[in-house]
Amino acid sequence: MSPVQPKHNLNPQQSAAVRLCQQPLLVLAGAGSGKTGVITRKIAHLINQQQMPPEQVVAVTFTNKAAREMQARVTQLVSTDTNGLTISTFHSLGLKLLRREREAAGLKRGFTIFDSDDSLKVIKELMKGGSKDEDVQQRRWQISAWKNDDISVTQAMQIAENGLESSAAELYAAYQRQLKAYNAVDFDDLICLPLRILREHADVRQQWQSRIGHLLIDEYQDTNNTQYEFIKLLLSGNSGLTAVGDDDQSIYAWRGARPENMERLKNDFADLQVIKLEQNYRSSGRILACANKLIANNPHAFEKNLWSELGPGDPIRVINCSDSESEAETTVSSIVTQRFKLKARLGEFAILYRGNHQSRPLEKALRLNNLSYNISGGQSFFDRAKVKDILAYLRLLTNPDDDTAFLRIINTPRRHIGASTLEKLGLYANERNTSLFNACHEMGLRSVLNNRAMQNIDRFTSLLDELEIQSRTEPPGVIVRELLKQVHYADWLRELSKDQAAADRRYENVEELASWIERMTEDDDLDLSEAVARIALLDMLDKNTEDGHADMINLMTLHAAKGLEFPHVYLVGFEEGLLPHQSSIDEENIEEERRLAYVGITRAQRHLTISHTSKRRRYGKDLSSEPSRFLEELPREHLMFNDEVPAEVKKETGQANLANLRAILNQG
DNA sequence: TGGGGTGATATTTTT
DNA sequence: TATCACCCCA
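None of the values given here were measured: they were computed from a predicted structure.

Student: Just checking my understanding: could you explain the protein's contact with DNA strand B for this structure?
Tutor: Taken together, 22 residues lie around DNA strand B, and Asn64, Arg354, Asn356, Thr557 and Ser584 are the ones closest in. In DNA strand B, the atoms that sit within 4 Å of the protein are 50% sugar and phosphate, with bases accounting for the remainder. Between DNA strand B and Arg255 there is a distance of 3.2 Å, counted from a sugar or linking oxygen to a side-chain nitrogen or oxygen. In this structure, a base oxygen belonging to DNA strand B sits 3.4 Å away from a side-chain N or O atom of His559. Taken together, the residues that form the surface near DNA strand B break down as six nonpolar, eleven polar and five charged.

Student: I would appreciate a short explanation of the pattern of salt bridges in the present structure.
Tutor: Pairing of side chains with opposite charge becomes possible as their charged atoms draw close. By the definition in use, this model includes 36 salt bridges. Residue Arg616 is joined to Glu327 by a salt bridge in which the shortest nitrogen-to-oxygen separation is 3.1 Å. Highlighted residues: Arg616 in strand S17 (residues 615-618) and Glu327 in helix H14 (residues 324-342), separated in sequence by 289 residues. Overall, the relative accessible area of 11% leaves Arg616 in the buried class. In this structure, Glu633 engages Arg594 in a salt bridge whose closest nitrogen and oxygen atoms are separated by 2.8 Å. Residue Glu633 is found in the loop between helix H28 (629-632) and strand S19 (639-641), and its partner Arg594 is found in helix H27 (residues 587-601); the two are separated by 39 residues along the sequence. What makes Glu633 buried here is its relative accessible area of 16%. Among the charged side chains, a salt-bridge network with shared partners connects Lys35, Asp218, Glu219, Asp222 and Lys562.

Student: Hey, could you run me through the protein's contact with DNA strand C in this one?
Tutor: Contacts to DNA strand C come from Lys124, Asp133, Arg360, Tyr619 and Gly620. The sugar and phosphate moieties of DNA strand C supply 50% of its atoms located within 4 Å of the protein. Residue classes in the surface near DNA strand C are distributed as one nonpolar, one polar and three charged.

Thresholds, definitions, all that
Residues numbered from 1 in each chain as written. Chains lettered and ligands numbered in written order. Predicted model: local features only at pLDDT ≥ 70, side-chain atom pairs only at ≥ 80, totals over all residues. Heavy atoms only, no water. Near = heavy atom within 4 Å. Polar contact = N/O pair within 3.5 Å; in protein donor to acceptor, adjacent residues only side chain to side chain. Nonpolar A, V, L, I, M, F, W, Y, C, P; charged D, E, K, R; others polar. Salt bridge = Lys/Arg side-chain N within 4 Å of Asp/Glu carboxyl O. Helix = DSSP H or I, 4+ residues; strand = E, 2+ residues; numbered from the N terminus. Buried < 20%, exposed > 50% of the residue type's maximum accessible area, 1.4 Å probe, protein only.

Set out below in C-alpha cells:
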C-alpha cells in the first residue's frame, strides 16, 4: 500500500522471507513494514520461481477485504495462470472443506450458515423464553468461546465445575443438536467442524495435506486455538508454512485470539525460522518513535525495533479540550485548516476512537461544517431486515430444514397464518421429527389444521416448491427476480409504510441484493446454495464500500483501523477510562489497551494529533477526566502540547469555526 | 401494525 | 443523558 517503498525492490529481510520456502517461517512484521507485499511476493515466488502448482498454494486471511486485496496484488505479480490458487478467509476455507466433506460432518446438501442473529434466536428458543436478553447473549458468547478454544460439548461437560457451568454445557449440547436438526452450521462451526473432520478422518486429512504445498497465514497473531489446530492439521511434513503477524497488533484477545500462538509455533516446529521486518515504510520518524516508546512498556516474546527512513516529520500534537463537544469542534476545525494548508483530500484524514459512541459529537461537528464523512461499522447492508427476508427465502429453497428461515418468512408478506396455526404445525413437526417446511408437505397435517389454514400453508409451499424446481435449471439471479415477483414484494413494502420514499429505499436494498446475486453468479457460475453461503460470509459486502470510494473523512474505531493507514490521523479521547478503557484497566488487559493505542498511532503516515478532554459526560454525569497514562509513556521531545482555543473566543465572534481556524493557523 | 410510553443499559467485532 | 428494545393500546 505504501507508495514510498519501491514496488519491485524488497529489503534484505523481506527478500529473505520471500525466498525461504523449505522451512517453516514466522515473519514478525512490524506496523507498516510491508507484510502484504511479502505475502503476495512469496505467493508469486512459489509459483513463478519454485514452480509450485497454484493449486498447492493456500493463503489465509481473516477478512474478505484482505483476501481480495491479496488476490488483486498476486494477479499482477504472477506471470502464469493462477487458476487453482486459494486465497481466502479462514471461514471460506473451512466452508470449502465442509462442502467437500459434508457427509463426514453429518450435514445434508444445501446446509445453511447461521449468522449470529440466527444463533441467538436458536439459543433464546432453547432457553425457553423468559430469560433475560443479557443472559442469552452471555450464553451465546460462552458457546462461541468454547468453540474458539477447541472445546467440544463433551469436554465442556467434563470441565464444568458447578451447576451454572454444567447447565451452560447442557445448552451447548442442545444448541448443537438443534443446529443439526436445522441442517445448519454457525460461523464458529466453519472452523470447528473442518478441524474435527481432519482430526477424525485420516484419509480426508491425508488428502487435504497432500493438496497443500505451502500455507501462508496473514495476521497470524489473531488466530485462536481452533484455527491454530486447524492449521497444524492441514500441514504435512512436506508442506511449507509462512505465518506473518505482529504480536504488538494483537487486539482481539477478548474474542479468543491467542497471540501466544506465535511462540507456540517455536515449540511445534523445531526448525522454525524467524524473520523480523523492522523497516517501516509508513510513518515519519517522530510518529514511529512515539509508537516504539509506548509499546516498549509491554513485555515481548520477540523484541523488535521499528525504524524509518522517512525523516523525522512534524511533532505529534497533543490537545487538551474542555469536553467532548469542544474536542470534536477542535478536531474538525483542525481538519478544515490542514486540508487547506496541505491541499489534502478529505479521504486522507481519519478520526479514530475507542468506542462507537464517541463518534456522535464528531458527526455533529462534521455535519455543521458540511464535511462529508464515512463511518465504518454500524448497520451493514445484510443486516437490514428486508434483505434478510429475501435471504431467508433463498435459504429455505436450498435447505428445507432451516426452520429459522421458515419462521422468518412464513408471514412475510402476510399470509394470514396465525400463531395458533404455527403452534400446531410446530407440534406436528416435532412429533414427526421433521422440519416445519417438510411437515407442511405431509398429508397428516391436514387432520391437524383447519381448511382455511391449510390452504394458506399450501399456497406457501407450492410457491417455494415451484421456485425450487426452477432453481435446478435457472441461474440464481432469475430465481430471485421470480421470487420478488411472485410474492409481490414491492407492493407489499409499499403498503407496509405510508412513507413512500422509505418503501422505495427499502426496495432499493432488495433490488441491490438481486443484482448482486446476478453479478456474483455470472462471474463465478455459482449455484443458489453457494451464492447464499457467500452472502452469509459477507463475501462482497466490502466490495460495495470500495465502490463508494468517495472523498470522505474516515471515522472509525481503533479496532476497525487495523491494517489501514492515513496521512493525517486524529486520535481522540486519549483518556484514562476510555483508552485504557474503564473495564480493561486491570493488569491483564492493560497490555491489549496499550496495543490498541499503538495501533492507533501507527496508522498515521505524516501527521498525528492526540486529544483528550478535561471533563466528559458519562451516563449523564459530568466527570472530570485525566489524560491517558499512555500519554506519559510517549517521548516528550516529540510532542507539542497545544491547548484548545479558549471557549470565550468562539462565543465573542459567534463564528466558532472561523475563530478556531484562525487561532490554529496562527499557532501552527 | 405501528406509535408512544417505559425501563434497562451503557467496549472493542469478523465471519 | 441518550438510546434502544419491548410492551401495551388504539
